[in-house]
Amino acid sequence: MISVLGAIFSVIGAGLAVMIVQFLMEMLKISHIPATLALPLVGHLYHPGAPMVMKFLSVMRRRHGKIFAFWPGNSPMIVVMEPKCVRQILTDTKTFIKGADYSNKFALVFGEGLVTSNGDKHRGDRGCLSKFFVRGAIEKYMDFMVQETQLMIQETMVPANGKEIDLQEFFHMLALRVFGYFAAGHDYSKDPEAKWINHCVSNGSNIIGEHIVLGLPVWGFIPRIKSLKADVAKMHQHVEKLIQAREKQRSEAKPDWVEPEDPLKGMLDAKMSRKEMYEQFTTLLSAGHDTTAFFGCYMAYLLASHPEVQQKVKDEVKEVLGDRTDIKPEDAKKMTYTANVMKEVLRLYTVIPFVNRTTVKDVNLRENNMKIPSGTTCLVPLCLMNRDPDVWEDPNEFRPERFEGLGISDNSAKHGYLPFGYGSRTCIGNTLALIEGNIMFALLMQKLTFKKVEDFKPKITAGISLVSSNGIRVRVELD
């Protein structure tokens, strides 16, 4: 018995020794990069503030500048917040690739979908799907977006008149209905799995985000990982139903049937395998509605907290639409103040709070010639860049006027404003999100006013998306 215990302790000791040596080698490789003291095995997690990652990184930025090392365990990440360096990282896709966090952790949910794939696989799939996400293709669905928004207002907002509500269900269900029809012609208003999908997507985002930022393993025996894998399998079964429904429509099509020009058609025409379609559709469905839903929640919360801004949006909607609800592309383009409000919401509540890339070779950041060793993960906290006091005056203040003349373009990217990423891997659905947001809030502002709930403040956690663990609560009053 003693000999067995001795052998076990020897193995454990040897494993710890290897990990400590690895830690010291990694520390030596990045010794030229500023950092707070890290310890073997735990890195910075010994610090009581480290689990609140974004707050911790904000403190470290003030201490070390815009490039520093963060240790979420035994391996470091290089946090980069200098805009020019970030643009280099996000555009040089041959040197900075989506590494192990994507292939091992994101891939638990997304497989080799657009979020996780690299190289030729990513270029081919994006080429197949991108035509459905251009402005002209999206604008064909504006009437449907208007219809669903009006229905959801009647179903959810009208009965809530004068009451305090959590907006998450409203915006998640509306975003799912819109994206499901846009992507696959599916009616989620009649789908009993809709609520489960909303819960599954938000829960998965939270789990994977935590495991990436905190450097946690995704071993299959961990209960939350085991549960997540079961959810993914169930999601694939759901996607199979959508595929079979479209295949049946194709096989039974009458001469006058016109197939929707949507991503599902693109996948079928490209003869993707079932596995590829499961992974792509799960990726699109998750990214395409969860982010839009939380964006809607944060915008409503900020409008409720700033009634003067809300009134300006209501006045602009009245000026452009009058009493009409049939919103057209030219109407949306005239709502310039509303567009600025949306940009400011995305600055304060960057729905995709961070991205990371891994180097495949030694590389120098051109702006300051700092060397990033091969195999190093660079973490880009977009949410902190968007509140950089060196770039934004009073960065924590809600001021839509700051975006007058500053669009979501290369011009704003120079200021470090990257709400949808940058370069060839910019979010494929950014135009859809902005058009959908414009329609939702134009119709909401015609019908009602959001009022602040005193003493409520969202408890923000950074998963794959920026989520609020205590919901988004406002009071609704019909006009």
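Since we're looking at a predicted model, the values are computed, not measured.

Q: Hey, could you run me through the pattern of salt bridges in this one?
A: Oppositely charged side chains may form a pair once their charged atoms are brought near each other. Throughout the structure, instances matching the rule amount to 35 salt bridges. One salt bridge connects Arg473 with Glu164, and the closest N-O pair in it is separated by 2.8 Å. Placement of the pair is Arg473 in strand S12 (residues 473–478) and Glu164 in strand S4 (residues 164–166), with a sequence separation of 309 residues. Exposure remark for Arg473: the relative accessible area of 27% places this residue in the partly exposed category.

Q: Would you mind showing me how to read helix H13 (residues 307–321) here?
A: Residue pairs spaced three or four apart in an α-helix point in one direction, given the helix's 3.6 residues per turn. An ideal rise of 1.5 Å per residue puts 21 Å on 15 residues; H13 measures up with 21 Å between its terminal C-alpha atoms. Along H13, the residues classified as buried are Val309, Gln310, Val313, Lys314, Glu316, Val317, Val320 and Leu321. Axial view of H13: buried residues confined to an arc of 160°, hence all on one face. Facing away from the buried surface of H13 by more than 90 degrees, the exposed residues are Pro307 and Glu319. If you follow the buried residues of H13, they end up packed against helix H12 (274–305), helix H14 (329–334), helix H15 (336–348), helix H18 (430–447) and strand S9 (448–452). Positive phi shows up at Gly322, right after H13, with a value of about 65°.

Q: Even after reading the chapter, I still don't get the nonpolar core, so can you show me in this structure?
A: Core analysis: the biggest nonpolar cluster contains 97 residues, and Met157, Leu167, Phe171, Val341, Phe441, Leu444 and Phe450 have the highest contact counts within it. In terms of residue count, the dominant contributor to this core is H12 (16 residues). Every residue in contact with Phe441, bar those within four places of it in the chain, is listed here: Phe171, Gly296, Met299, Ala300, Leu303 and Phe450. Counting residues in hydrophobic clusters, the runner-up holds 54 residues, among them Met60, Trp71, Met77 and Tyr102.

Q: Would you mind showing me how to read the UniProt feature "binding site: heme" (unreviewed entry) in the protein chain here?
A: UniProt tags Cys427 as "binding site: heme" (unreviewed entry). Within the secondary structure, Cys427 sits in the loop between helix H17 (410–413) and H18. Judged by relative accessible area, Cys427 falls into the partly exposed class, the value being 35%. In contact with Cys427, not counting residues within four places along its chain, are Arg126 and Phe420.

Q: Help me understand a nonpolar patch on the surface, please; the structure alone is not making it clear to me.
A: A cluster of nonpolar side chains, Leu16, Met19, Ile20, Leu24, Leu37, Leu39, Leu41, Val42, Leu45 and Tyr46, forms an exposed patch at the surface whose accessible area comes to about 790 Å². Looking at the element boundaries, Ile20 is found in helix H1 (residues 2–29).

Q: Honestly, unusual backbone geometry in this entry has me stumped. Any pointers?
A: Across the chain, the bulk of peptide bonds are trans and the bulk of non-glycine residues have phi less than zero. In the Ramachandran plot, Asn369 falls in the positive-phi region, its phi being about 60° despite a non-glycine side chain. With respect to the element layout, Asn369 can be found in the loop between strand S6 (363–365) and strand S7 (370–372). The backbone of Asp455 shows a phi angle near 70°, a positive value even though the residue is not glycine. With respect to the secondary-structure elements, Asp455 resides in the loop between S9 and strand S10 (460–462). On the basis of relative accessible area, Asp455 is assigned to the exposed category, the value being 82%.

Q: Would you take a moment to explain the packing of helix H9 (residues 194–213) against H12 for this structure?
A: In helix packing, the relevant descriptors are the interaxial angle and the interaxial distance, both defined with respect to the helix axes. One can describe the packing of H9 onto H12 by two numbers: an axis separation of 10 Å at closest approach and a directional angle of 90°. Relative to H12, H9 is oriented roughly perpendicular. Across from Ile197, Asn198, Val201, Ser202 and Ser205 in H9, the residues of H12 making contact are Leu285, Ser286, His289, Asp290 and Phe294. Of the residues contributing to the contact of H9 with H12, the split by class is four nonpolar, five polar and one charged.

Q: Sorry, what's going on with the sheet that holds strand S8 (residues 377–380) here?
A: Taken together, the five strands give an open sheet; going across it, the order is S1-S2-S8-S5-S3, and neighbouring strands pair in mixed fashion. Of all strands in the sheet, those bounded by a partner on one side alone are strand S1 (67–70) and strand S3 (96–97).

Q: Sorry, what's going on with the sheet that holds S9 here?
A: Strand pairing within a sheet occurs via backbone hydrogen bonds; the two strands may be parallel or antiparallel. Taken together, the three strands give an open sheet; going across it, the order is S4-S12-S9, and neighbouring strands pair in antiparallel fashion. In this open sheet, the two strands that pair with only one neighbour each are S4 and S9. On average, adjacent strands in this sheet sit at an angle of 45° to one another, irrespective of strand direction. Summarising the sheet, S4 and S12 pair through three bridges and their orientation is antiparallel. Residue pairing for S12: Ile165 is matched across the bridge by Val474.

Calculation criteria
Residues numbered from 1 in each chain as written. Predicted model: local features only at pLDDT ≥ 70, side-chain atom pairs only at ≥ 80, totals over all residues. Heavy atoms only, no water. Salt bridge = Lys/Arg side-chain N within 4 Å of Asp/Glu carboxyl O. Helix = DSSP H or I, 4+ residues; strand = E, 2+ residues; numbered from the N terminus. Buried < 20%, exposed > 50% of the residue type's maximum accessible area, 1.4 Å probe, protein only. Expected span 1.5 Å × (residues − 1). Arc of directions from axis to C-beta. Contact = heavy atoms within 4.5 Å. Core = buried A, V, L, I, M, F, W, Y, C linked by side-chain atoms within 4.5 Å. UniProt positions renumbered as here; feature names shortened; annotations may be inferred. Patch = residues over 30% accessible without salt bridge, like charges linked within 9 Å, V, L, I, M, F, W, Y side chains within 5 Å. Areas by Shrake-Rupley, 256 points an atom, 1.4 Å probe, with all protein chains shown as cover. Axes fitted to C-alpha atoms, helices over the stretch in contact; angles between N-to-C directions. Parallel < 35°, antiparallel > 145°, perpendicular 65-115°, else oblique. Nonpolar A, V, L, I, M, F, W, Y, C, P; charged D, E, K, R; others polar. Pairing = 2+ DSSP bridges.

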